[in-house]
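For reference, the chains in residue letters:
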Amino acid sequence: MEQSLRPFHPVPNENERYELQGVSVLPPQGPWRFAFARGNESGSWLDPADGDHVAREHANLLKFARMASTDYRHAGAFILIRRPSIVGADMVALHARVEQGVRAEIRDRLQYERAEADVSVDRSLGRPCVRVVFHTMDRPSWPTVRKVRRGTTFWCPALTATSRFVQIGFFDEFPPGAEPLPIEEEVGRFLGSFAASAS
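Visitor: How should unusual backbone geometry be read in this particular structure?
Guide: Leaving glycine out, the prevailing phi sign among residues is negative, and the prevailing peptide bond configuration is trans. For Q21, which is not glycine, the phi dihedral falls at a positive 50°. With respect to the helices, strands and loops of the structure, Q21 is situated in the loop between β2 (18-20) and β3 (23-25). When its relative accessible area of 38% is taken as the criterion, Q21 is described as partly exposed.

Visitor: For this particular structure, what's the right way to read the packing of aromatic side chains?
Guide: Two descriptors summarise a pair of aromatic rings, namely the distance from one centre to the other and the angle between the planes of the rings. Counting across every chain of the model gives four aromatic pairs. Ring geometry for Y18 against F64: centres 5.5 Å apart, planes inclined by 85°, an arrangement best described as edge-to-face. Taken together, the residues Y18 in strand β2 and F64 in strand β6 (residues 61-67) connect sequence positions 46 residues apart. Owing to a relative accessible area of 6%, Y18 belongs among the buried residues under this scheme. Site record: aromatic cluster; members linked through ring pairs are Y18, F34, F36, F64 and F190. One cation-aromatic arrangement involves R127 over F194; the distance from NZ or CZ to the ring centre is 4.1 Å. The side chain of R149 reaches across the aromatic face of F171, ending 5.4 Å from its centre.

The rules we used
Residues numbered from 1 in each chain as written. Predicted model: local features only at pLDDT ≥ 70, side-chain atom pairs only at ≥ 80, totals over all residues. Heavy atoms only, no water. Helix = DSSP H or I, 4+ residues; strand = E, 2+ residues; numbered from the N terminus. Buried < 20%, exposed > 50% of the residue type's maximum accessible area, 1.4 Å probe, protein only. Phe/Tyr/Trp six-rings, centres within 6.5 Å; stacked < 30°, edge-to-face > 60°. Lys NZ or Arg CZ within 6 Å of the ring centre and 35° of its normal.

Quick look at the structure:
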């Protein structure tokens, strides 16, 4: 996520749902901002890049952002609508495909000093999804501000179209040794509102 939050808009009402291509969620609680964008589906398996910010009707990515005002700590929560996939709603095939992509990404030894990820099938969002829990730390020589990144991403077949996927998750980034932002409770309602739509 870019350091500047200028393209993101303040969340005016924490109790207002945000809709993206038939999927709706409540925003995280707290000082979060939001933007609709065109996400790059061929990007990271862990969290999507912001992409070009567009009007909601042209977007496939809804991203919420939170940043500390005095340092490099920041966090994100997102929903990305992905195009149809050859694995459909086959959870075994989806698990295998996601695990292959995640393993290839965390083996980037040029960037990461340490990288770990756990991939599993999970039903905590009210439907079977593939869950990725990751934790990475950049090498000291990486040509940006060195940071620790951790987060959770779910890959879920859409209820209305089993060949389409919803990628939903959250992450935070902070310099080694710094205290991370307290986002776990703040994103709980965001994830819970997505889970409620499955019931």
